[in-house]
2 protein chains.
Amino acid sequence: MPKLSDLGQLPKRLVVGRPVRSDRAGESLLPKSLALPIFASDPLSSVAYATQEILIVLTLAGTAFLFLAPWLAVVVVLLLATVVLSYRQVVHAYPSGGGDYEVAMKNHGQFAGLTVASALLVDYVLTVAVSVSAGTDNIISAFPTLNEHRVLIAVGLVALLAATNLRGVRESGKTFAVPTYLFVAGIMVMIVTGLVRDLFTDSPVIAESAGWSVLPEAGYDDLGGVALVFFALRAFASGCTALTGVEAIANGVPAFRPPKSKNAATTLALMGGIAATMFAGVTALALFGDVRYAENTCDLVGFPGDCETDPQRTVIAQLAAATFGGDTSVGFFYIQAATALVLILAANTAFNGFPLLGSVLAQDRFLPRQLHTRGDKLVYSNGILLLAGFAALLILAFEADPNRLIQMYIVGVFTSFTIGQWGMVRHWNREIRLSGDAAEKRRMRRSQVINTIGGSLTTVVLVIIVVTKFTRGAYLVILVMPVLFLLMKAINRHYSHVASQLVPDTDARMLPSKVHAIVLVSKVHKPTLRALAFARATRPDVLTALTVNVDPGDTRALQADWERYDVPVPLTVLESPYREITRPVVDYVKGIRRDSPRELVIVFVPQYVVGHWWENVLHNQSALRLRARLQFQPGVMITTVPWQLESSIGRGDEDDRRSGPMPGDLRRGLTDDQVEATPYG
Amino acid sequence: MPKLSDLGQLPKRLVVGRPVRSDRAGESLLPKSLALPIFASDPLSSVAYATQEILIVLTLAGTAFLFLAPWLAVVVVLLLATVVLSYRQVVHAYPSGGGDYEVAMKNHGQFAGLTVASALLVDYVLTVAVSVSAGTDNIISAFPTLNEHRVLIAVGLVALLAATNLRGVRESGKTFAVPTYLFVAGIMVMIVTGLVRDLFTDSPVIAESAGWSVLPEAGYDDLGGVALVFFALRAFASGCTALTGVEAIANGVPAFRPPKSKNAATTLALMGGIAATMFAGVTALALFGDVRYAENTCDLVGFPGDCETDPQRTVIAQLAAATFGGDTSVGFFYIQAATALVLILAANTAFNGFPLLGSVLAQDRFLPRQLHTRGDKLVYSNGILLLAGFAALLILAFEADPNRLIQMYIVGVFTSFTIGQWGMVRHWNREIRLSGDAAEKRRMRRSQVINTIGGSLTTVVLVIIVVTKFTRGAYLVILVMPVLFLLMKAINRHYSHVASQLVPDTDARMLPSKVHAIVLVSKVHKPTLRALAFARATRPDVLTALTVNVDPGDTRALQADWERYDVPVPLTVLESPYREITRPVVDYVKGIRRDSPRELVIVFVPQYVVGHWWENVLHNQSALRLRARLQFQPGVMITTVPWQLESSIGRGDEDDRRSGPMPGDLRRGLTDDQVEATPYG
């Protein structure tokens, strides 16, 4: 039989590296050159799908409206710039790394805070599902024969990420930096090469799909008026996926080297610049190269192979192949590998952020208390498994199709953007009121204007997203978020209610008048004798050895042994006509309490301590049941007197704490005090 | 959210009737007229399929060897008579109702006893599966359109039986007597009517299948020599299903009115006579009426309808239709209803016997201890669910085909027959040696001869069954039995090993030199203050209030409150660099024990008592973990100081005992003393 304890040690055995003391976490603060790739893998990786998402919507109407693409891209870049500017304000105003949750909580209160929290929880799951699916898509673009295993590959990657994080891999800046820089460099080289060829040579980059035409979907062949506006807005909403992950740096300010806020703001600007350049470049290249990408492959006239089963190549893959000399060139495989890797890293950031958010919400009493104990292996593992499980479920439900998953993703992202920005507006209102310095006031006003613009724009985008994506999956998020909201609210109410019951009063401090010890006895054996000896050592006013007559033969044997061993405590036998143990004992205890309510009853329960989980099936069942019942009686304490059976020796020393480094430690870079003082600590 | 306690009360709410006190069970001893149907539903119901099983094997070779049927039937009847005679000896020698398990245990020791126990456990599951499937078969014979729902009906019936037994239905002798007598009367009338028509009139009973011919299966068309002998033995082995259930009365002697053994023996003889008559009569009628029944419906030339999907009518149904005027006659439906009902009653006997056997095996320490507590609702329910679950699994796996299930059934039955009879032979050896009276010795010698014949015959039959049925399903039983055997053996060894560790010595009685009480503290609130007050009431030599510094802010607040509330115990703060709770406390306790090993440490853990299971998710997690770890430390007691939260009020009074009558109470009819004194009690 497998030993439970062995299974419990499995994660431990997989662990590499020594524990990181939280008070030493401050030693590893990040320079900008490492912070950029660590925090930017998520936002930069969206370049891998943002252009494609715009094209997918536009080609619903054939190729007629592709002319909208550059304009939409420009608006997305402007939006990105606004959001980056807005978050630079957040970074300065809330250097604790609390991000939108802290901003919403402090400026709009619980309702807004919990809404952001719900959005973030959903988004962590979707970050994993979307990034892994997009990564899989790029792997398949390099090796199209893998297409039939698409869901399997994606779920396998999620499992791999979960395993790595359960294992507590030691993060190093390089692990993140190398793939991210390789990705950025690769895409940049591709953009420059491509644009140079397009603009200055006679061999422009022509995508493999350039020659295909696209059949318009039913209902999209004659767009005009309101329908056309809606259509354009929908394509724009899809392009907004380019903004996902921008908030990451705002959550990681404490990990930066001082001056933290300034460095974070600089890194944010740098990240925004790179993201904008890459997105604009890829979009330009895709349009010059006449990339055709359709939601429904069978709408592509000219698509080689079976449009029912064969995959389209991602836009990135088509551009890489066209730029670097075909789908067998080194450049092509380089881009695909870097893209897939950076997307998987992006998914990994969710594994870092999710338990951290859980810990913060637990500290604020919105999630179960035990999530707050950061070092707890069990709790931490449960968080990882939960995240991986939900992400895998989404991947299975939506067949690892990034396009379908993204529809849901952006709702949460923009919900938290919007609430955060409006929170900042309120924040500045207050600060301006409090500030006496005119120059400072002016500076604050400017910041407020930026946040107001950011808030207004993201509000409009959120409305656009909800309206245009509602039926395409967003409704699911809009259903799930209130559920999470209400759940957290209920948990918080429960804790508040409990806390109000626990405020000390004199009653709780009243000393009992007398102590009545009861030792439960079934046989005269070592555990019983130990329990009796221990009970006597506490010098109770009354000491009763109690047995229940379930089996007259056993009881007679017990009474005989009692005399034989000359046990110095009288034995009380309770009758049990229905041959049960719990009720007679509970009734007896109730009787004592009824007769003298100020008497304290201590019930000593001898209990076997076993080394294997299955041994518990064979022992202690009545003791467990009894304890469960007795605890409902006021003025009764239940004392377990453990008797360590041989099999238990050497057990009990398993480590409950996560003994490896914590994933995400690096991007926190906090000293112990900071961990405690800040919500996102 | 659902409340766990509500779910727990569900079985209770379904219960009808008042509890039966076990010391009153003696009031309802059974007269023979009630004992017969109560114990005979299982053995008599085998008449419903025994004849059919013989025909199924014989028609594998077409109709050429049907001439063997009457001879095989005669041998089966003789075997039945021998076994009945043998069990009459058991009834006299072991009036305690221990049956073959007791006989084997007392005369051959543990190996034989556990083999019988394994066989019986398997047989209880198969009794349910076979009887319910055969019952379903007879329902379908009356309403052939139900055939496509065969498995569903059978599983539904198992679920119904489980629900009824979970509900704790009050048994009355009539519930069993009426259907059994109706069945016996119906079959008898059918046999007499049929035989009179066959032998004395011009309108013999001709089965609907009489005109069909049967195609021999491949390999069976030219039987001779050893193959023919094997073939005949296989058909005989199938016919031996007529004997299943014969042992029931030997397990129920204590339920008879005095003189118990004599009455039981008489009832056994009566049952044997009726069973033999019915089996012989049905077989005769089937042969006179030229019933054709084949394993593979498509071997039946002339079968109307689709042989792939349409069902054959059972032999009983064909005879009833032919005897009473067709398949729309009242007589036909009467026989089908009575047959199905008696088969379902037979399945129900397993639901009575299974928990009883579990209790006996638990008392002998071969199964977990808690199974012994007869009145335990939870344990009892688990037994019923386990039995129903495995039976349903078999039904699903073998598509509710009684023919396929029976191949497995008889292995266990004859294993326990054989071991029991040889045990009796040894029993008489001993008794004869001990007896001084020559007349008594003579009487014992006669009994021994009967058991020797019984033992020899059942041994031969067992060998025949194993050899002829091995590949047809018996191998499964032969695989499962040793697993059960080893499991029970391992459980027993574990209990013995534990018991040997627990024999009292002086060490266990040694009083600790000093008591060091530790109260775990996280906040100054009512539960903490109560725990401190209670701990002080036990007047320990040392009293420490202990907290773990997981969160410096919280710890500072605690220290401030400690002064504010003027708590009269010094507060010790343990540092926890890794922000965990369990390890620092365990290390602290270990330190105390290391410094003074004779000091007793009592750890007081304040604990919230909540009313809903989900509240436990929100509380007490660290307390639970801590308790789990501390119990491995010798010389440490863990005292739970419960604080009853409002939601817990009124909880804790749920009844753990099964508050309805116990299924099978009736067929036990034991006084409390007898329950304890006998293994099958």
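Since the model is a prediction, treat every value here as computed from it, not as a measurement.

Here's the deal with the overall build of chain A
In step 1: Tallying secondary structure elements over chain A gives 24 helices and seven strands in all.
In step 2: Counting every position in chain A, which comprises 681 residues, the buried fraction comes to 54%.

Considering the sheet that holds strand β4 (residues 542–549) of chain B
In step 1: On the basis of which strands lie adjacent, the open sheet formed by ten strands has the order β5(A)-β4(A)-β3(A)-β6(A)-β7(A)-β7(B)-β6(B)-β3(B)-β4(B)-β5(B) and mixed pairing. Of all the strands in the sheet, the pair left with one neighbour each is β5 (571–575) of chain A together with β5 (571–575) of chain B. Neighbouring strand axes in the sheet, compared pairwise and without regard to direction, differ in orientation by 30° on average.
In step 2: On the sheet, helix α19 (residues 552–564) of chain B packs against β4 and β5 of chain B and is oriented at approximately 145° with respect to β4(B).
In step 3: Where helix α22 (residues 621–630) of chain B meets the sheet, its contacts fall on β6 (599–609) and β7 (636–644) of chain B, and the angle it forms with β6(B) comes to roughly 155°.

Quick word on the environment of A:Ala388
Residue and element names in this part refer to chain A.
In step 1: Locating Ala388 in the fold gives a position in helix α13 (residues 377–397).
In step 2: Considered as a pair, Ala388 and Thr175 are 213 residues apart in the sequence and their alpha carbons are 21 Å apart.
In step 3: Among all residues touching Ala388, those that are not within four sequence positions of it are Val158, Ala159, Leu161 and Ala162.

Some points on the domain arrangement of chain A
In step 1: Here chain A is described as being made up of domain 1 (27–493) and domain 2 (515–648).
In step 2: Using only C-alpha atoms to locate each centre, domain 1 of chain A and domain 2 of chain A end up separated by 61 Å.

A word on the pairing of β4(B)
Residue and element names in this part refer to chain B.
In step 1: As paired elements, strand β3 (residues 514–520) and β4 share five bridges and run parallel to each other. Along β4, the bridge assignment pairs His516 with Val542.
In step 2: Chirality of the crossover, the property in question, places the unit of β3, helix α18 (residues 526–537) and β4 among those that are right-handed.
In step 3: Alignment of β4 against β5, held across five bridges, turns out to be parallel. Paired with Thr547 across the two strands is Val573, which belongs to β5.
In step 4: Handedness of the β-α-β unit built from β4, α19 and β5 comes out right-handed.

Brief notes about the packing of helix α4 (residues 69–93) of chain B against helix α15 (residues 438–469) of chain B
All names here are of chain B.
In step 1: Contact geometry for α4 and α15: axes closest at 9 Å, N-to-C directions at 135°. Here α4 is positioned oblique relative to α15, judged by the angle of their axes. As α4 packs across α15, the resulting crossing turns out to be left-handed. Here Leu79, Thr82, Val83, Leu85, Ser86 and Gln89 of α4 lie close against α15, whose contacting residues are Ser447, Ile450, Asn451, Ile453, Gly454, Leu457, Thr458 and Val461.
In step 2: Of the residues belonging to the contact of α4 with α15, the class tally is seven nonpolar, seven polar and no charged.

As for the environment of A:Leu72
In step 1: Relative to the elements of secondary structure, A:Leu72 occurs in helix α4 (residues 69–93).
In step 2: Placed 166 residues apart in sequence, A:Leu72 and A:Ser238 show a C-alpha to C-alpha distance of 9.9 Å.

Here's the deal with the packing of helix α14 (residues 402–434) of chain B against helix α16 (residues 474–501) of chain B
All names here are of chain B.
In step 1: Two elements in contact, α14 and α16, have axes whose closest approach is 7 Å; the angle formed by their N-to-C orientations is 45°. It follows that α14 is oblique to α16 by the angle criterion. In the packing of α14 onto α16, the handedness of the crossing is right-handed. Across the interface between the two elements, Gln407, Met408, Val411 and Gly412 of α14 pack against Ala474, Leu476, Val477 and Ile478 of α16.

Focus on the environment of B:Gly454
Residues and elements named next belong to chain B.
In step 1: Relative to the helices and strands, Gly454 resides in helix α15.
In step 2: Under the C-beta neighbour-count criterion, Gly454 is labelled buried, with 27 such atoms within 10 Å.
In step 3: Once the C-alpha coordinates of Gly454 and Trp422 are considered, the two residues, 32 residues apart in sequence, prove to be 8.4 Å apart.
In step 4: Not counting residues within four places of it along the chain, the set of residues in contact with Gly454 comprises Thr82, Val83, Leu85, Ser86 and Gln421.

Remarks on helix α6 (residues 110–142) of chain A
In step 1: Here α6(A) spans 47 Å end to end across 33 residues, near enough to the 48 Å set by a 1.5 Å rise per residue.
In step 2: Among the 33 residues of α6(A), 31 are classified as buried, and the element is accordingly described as predominantly covered.

Quick word on unusual backbone geometry
All names here are of chain A.
In step 1: Between Pro258 and the following residue, Pro259, the backbone shows a cis peptide bond with an omega angle of -5°.
In step 2: Structurally, the position occupied by Pro259 is in the loop between α9 (225–239) and α10 (260–288).
In step 3: The phi dihedral of Asp290 is positive, around 55°, even though this residue is not glycine.
In step 4: The phi torsion at Ala400 lies on the positive side, around 55°, for a residue other than glycine.
In step 5: Counting through the fold element by element, Ala400 comes out in the loop between α13 and α14 (402–434).
In step 6: With 28 C-beta atoms packed within 10 Å, Ala400 lands in the buried category.

What to know about helix α2 (residues 32–45) of chain A
Residues and elements named next belong to chain A.
In step 1: For α2, spanning 14 residues, the distance from its first C-alpha to its last is 19 Å, which sits close to the expected 20 Å at 1.5 Å a residue.
In step 2: Largest kink in α2: about 45°, centred on Phe39, with the proline Pro43 one to four residues after it.
In step 3: With twelve of 14 residues buried, α2 lies mostly within the body of the structure.
In step 4: The complete set of buried residues in α2 reads Leu34, Ala35, Leu36, Pro37, Ile38, Phe39, Ala40, Ser41, Asp42, Pro43, Leu44 and Ser45.

Some remarks on the confidence of the model for chain A
Residues and elements named next belong to chain A.
In step 1: In this model, chain A carries an average pLDDT of 84, and 89% of its residues clear a pLDDT of 70 or more.
In step 2: Model confidence for chain A, summarised as mean pLDDT per element, is weakest for helix α24 (residues 672–677) at 33 and strongest for helix α11 (residues 315–324) at 94.
In step 3: Scored below 50 in pLDDT, residues 1–27 shows 50 contacts in the model against residues more than four places distant or in partner chains.
In step 4: Between residues 670–681, whose pLDDT stays under 50, and residues either more than four places distant or in other chains, the model counts 36 contacts.
In step 5: Here the prediction assigns the complex a pTM of 0.71, and the interface score ipTM is 0.72.

Definitions and cut-offs
Residues numbered from 1 in each chain as written. Chains lettered and ligands numbered in written order. Predicted model: local features only at pLDDT ≥ 70, side-chain atom pairs only at ≥ 80, totals over all residues. Helix = DSSP H or I, 4+ residues; strand = E, 2+ residues; numbered from the N terminus. Buried ≥ 20, exposed ≤ 12 C-beta atoms within 10 Å, placed from the backbone. Pairing = 2+ DSSP bridges. Axes fitted to C-alpha atoms, helices over the stretch in contact; angles between N-to-C directions. Contact = placed C-beta atoms within 7 Å. Domains from an automatic or database assignment. Right-handed = clockwise from strand over helix to strand, strands pointing away. Parallel < 35°, antiparallel > 145°, perpendicular 65-115°, else oblique. Left-handed = near helix turned anticlockwise from the far one by under 90°. Nonpolar A, V, L, I, M, F, W, Y, C, P; charged D, E, K, R; others polar. Expected span 1.5 Å × (residues − 1). Bend = angle between axes of the 7 residues up to and from the residue. pLDDT = per-residue confidence, 0-100.

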